[in-house]
Amino acid sequence: MPQDTPEAAIGAISAERDVLIAGPTASGKSALAMEIAARQGGIVVNADALQIWSCWRVLTARPSAADEAAVPHRLYGHVRPQQSYSVGDWLRDVAALKRRGEGRLIITGGTGLYLSTLTQGLAYVPPIPQAIRAEGDALLAESGGLARMVAGLDPATRAKTDLANPARVQRAWEVLRATGRGLASWQAETPPPLIEPASAERVVLVADRDWLARRIAQRFALMWDGGAVDEVRAMLPDWRDGAQWTRAIGAPEIASYLRGESSAEEAREAAIIATRQYAKSQRIWFRGRMKSWKAVNIGT
C-alpha cells in the first residue's frame, strides 16, 4: 500500500474520475473531499452511516451550511429517524445520483461497508421477518444457542462465515430460516459493482494514533459546546434504545447525562472513549479490506 501526503494525493488525482476517500473519524476526510471539489470540480457524497440522519448535524460533524454552500453535497442528513436505512438503500441513492448525471462524484466517509460494497457489489437478500429475527435473538440467548445455530447452517455458508462472531452466525441462520437458501447462495448472485475499482481514484487516510486521539477529544469538546447536547435533548421524547439513529457515537452518552444518570464530565469522557474505539475498528477494517487503495499519511 504505497503512502502519500494529502497535497501530493490531490495532485495525482485525475479530474476525470470519481474519487473515493475512506478514513477514520476526525481524520479530515470531509476537508480533503471539499478541497478536491474546489480545485477540480465534483459533488461531495456522504459515505458515513452516522451522517445520514437528519437529527444529527453537530453530533456527527456533518458539513456545515457554509460548506454545503461552497461546493455541492449529497446524502447528508437526508434520512428521518423514523425510517430504517441499510447499505442497500445507500447504494440505491448513489446509483440515482449517477443516473441523474449531476457530475463527478467525490464519495467520502468512514463506513467501510458502504465503500466496499460500492466497489465490490452487494448481493440481494430478502428482508428477514421480525418474527424470525425474534426467534434468532431468543435462540442465541440460550445456553449453547450459538453452537446450534452453527450446526444448522448449510455447509457452503458455514465455510464462509466467521463462526466466532455471533452477529454473523445469527444473520446467516436467519437468512436460511427465512428463505430456505443459504446466505452463500444469495451472495453467489452478487451483481457487478456500482463503481469499478479500476475506474476510480481510491484513497484511504492513515492517521497517527496519538494525533487522532487528540483530534477526537478536541472535536468532541467543540461539538459538546456547539450544539450536540441540544440536538440530543430535542430527540429525547422520541428516544428508542436500539434504534438506528440512537447509535450515533456520543448520542447515548449525552442522553444518559440529560436523564441524570451521569455527570457531564462522565458523559464527555465516555463519548470520547467510544469514539476512539470506533476509530480503532475503522482502522482495522481499512487495513484488512482496502490494501489496494492508495494510503495517504495524515497527522505525522
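Our structure's up above, just so we're on the same page.
Residues numbered from 1 in each chain as written. Predicted model: local features only at pLDDT ≥ 70, side-chain atom pairs only at ≥ 80, totals over all residues. Heavy atoms only, no water.

Q: Teacher, can you tell me more about helix H12 (residues 251-258) here?
A: The periodicity of an α-helix, 3.6 residues per turn, causes residues three or four positions apart to be oriented the same way. Listed in full, the buried residues belonging to H12 are Ala 251, Glu 253, Ile 254, Ala 255 and Ser 256. For H12, the elements touching its buried residues are helix H11 (209-235) and helix H13 (264-289). Just downstream of H12 lies Gly 260, where phi reads positive at about 80°. (Buried < 20%, exposed > 50% of the residue type's maximum accessible area, 1.4 Å probe, protein only. Helix = DSSP H or I, 4+ residues; strand = E, 2+ residues; numbered from the N terminus. Contact = heavy atoms within 4.5 Å.)

Q: Looking at this model, I keep getting lost on the layout of surface pockets. Mind explaining?
A: Gaps between atoms show up when a probe of the same size as a water molecule is rolled over them. Of the volumes computed, that of the second largest pocket is approximately 690 Å³. Residue lining of the second largest pocket: 36 residues in total, with Ala 26, Gln 51, Thr 60, Ala 61 and Arg 219 positioned closest to the centre. Those elements giving two or more residues to the lining of the second largest pocket turn out to be helix H2 (29-40), strand E5 (105-109), H11 and H13. It is H11 that provides the largest number of residues to the lining of the second largest pocket, a total of 7 residues. (1 Å grid on protein atoms, 1.4 Å probe; cavity = no way out; pocket = protein on both sides within 12 Å on 5 of 7 lines; lining within 4 Å. Points joined across faces, edges and corners; volume = space filled by probe spheres on them.)

Q: I would appreciate a short explanation of the environment of Leu 153 in the present structure.
A: Checked against the element boundaries, Leu 153 lands in the loop between helix H7 (145-152) and helix H8 (155-160). Leu 153 sits in the buried class, given a relative accessible area of 3%. Sequence separation between Leu 153 and Leu 176 is 23 residues, and the spatial gap between their C-alpha atoms is 7.3 Å. If sequence neighbours within four positions are ignored, Leu 153 has contacts with Arg 158, Leu 163, Val 169, Ala 172, Trp 173 and Leu 176.

Q: Help me out: how do you make sense of the nonpolar core in this one?
A: Burial of nonpolar side chains together is a common tendency in soluble globular proteins. Counting 73 residues, the largest nonpolar core has Trp 56, Trp 90 and Ile 107 as the members making the most contacts within it. Non-local contacts of Trp 56, meaning those with residues more than four positions away in its chain, are made with Arg 62, Glu 231, Val 232, Met 235, Trp 239, Trp 245, Ala 248 and Ala 251. The next biggest cluster of nonpolar side chains, apart from the first, holds 13 residues, and it includes Ile 132, Leu 153, Ala 172 and Trp 186. (Core = buried A, V, L, I, M, F, W, Y, C linked by side-chain atoms within 4.5 Å.)

Q: Is there a simple way to explain the packing of H7 against helix H9 (residues 166-179) in this structure?
A: Packed helix pairs are characterised by how far apart their axes lie and by the angle those axes make with each other. Contact geometry for H7 and H9: axes closest at 9 Å, N-to-C directions at 50°. The orientation of H7 with respect to H9, classified from their angle, is oblique. Crossing handedness for the pair H7 and H9: left-handed. Residues Leu 146, Met 149, Val 150 and Gly 152 of H7 touch H9, and the partners they reach there are Pro 166, Val 169, Gln 170, Trp 173 and Leu 176. The residue inventory of the contact of H7 with H9, partitioned by class, reads 7 nonpolar, 2 polar and no charged. (Axes fitted to C-alpha atoms, helices over the stretch in contact; angles between N-to-C directions. Parallel < 35°, antiparallel > 145°, perpendicular 65-115°, else oblique. Left-handed = near helix turned anticlockwise from the far one by under 90°. Nonpolar A, V, L, I, M, F, W, Y, C, P; charged D, E, K, R; others polar.)

Q: What am I meant to see in the packing of aromatic side chains here?
A: Where two aromatic rings form a pair, the distance of their centres and the angle of their planes describe that pair. A complete count under the given rule lists 6 aromatic pairs for this structure. Taken together, a centroid distance of 5.9 Å and an interplanar angle of 40° make the contact between Trp 56 and Trp 245 tilted. Of the two residues, Trp 56 is situated in the loop between strand E3 (43-46) and helix H3 (65-70) and Trp 245 in the loop between H11 and H12; the sequence distance between them amounts to 189 residues. Accessibility assignment for this pair places Trp 56 and Trp 245 in one class, buried. In this structure, Arg 268 is placed above the aromatic ring of Trp 224, and the distance from its NZ or CZ to the ring centre is 5.0 Å. The ring centre of Trp 285 lies 4.0 Å from the NZ or CZ of Arg 289, which sits over that ring. (Phe/Tyr/Trp six-rings, centres within 6.5 Å; stacked < 30°, edge-to-face > 60°. Lys NZ or Arg CZ within 6 Å of the ring centre and 35° of its normal.)

Worth remembering: the numbers are spatial, not functional.
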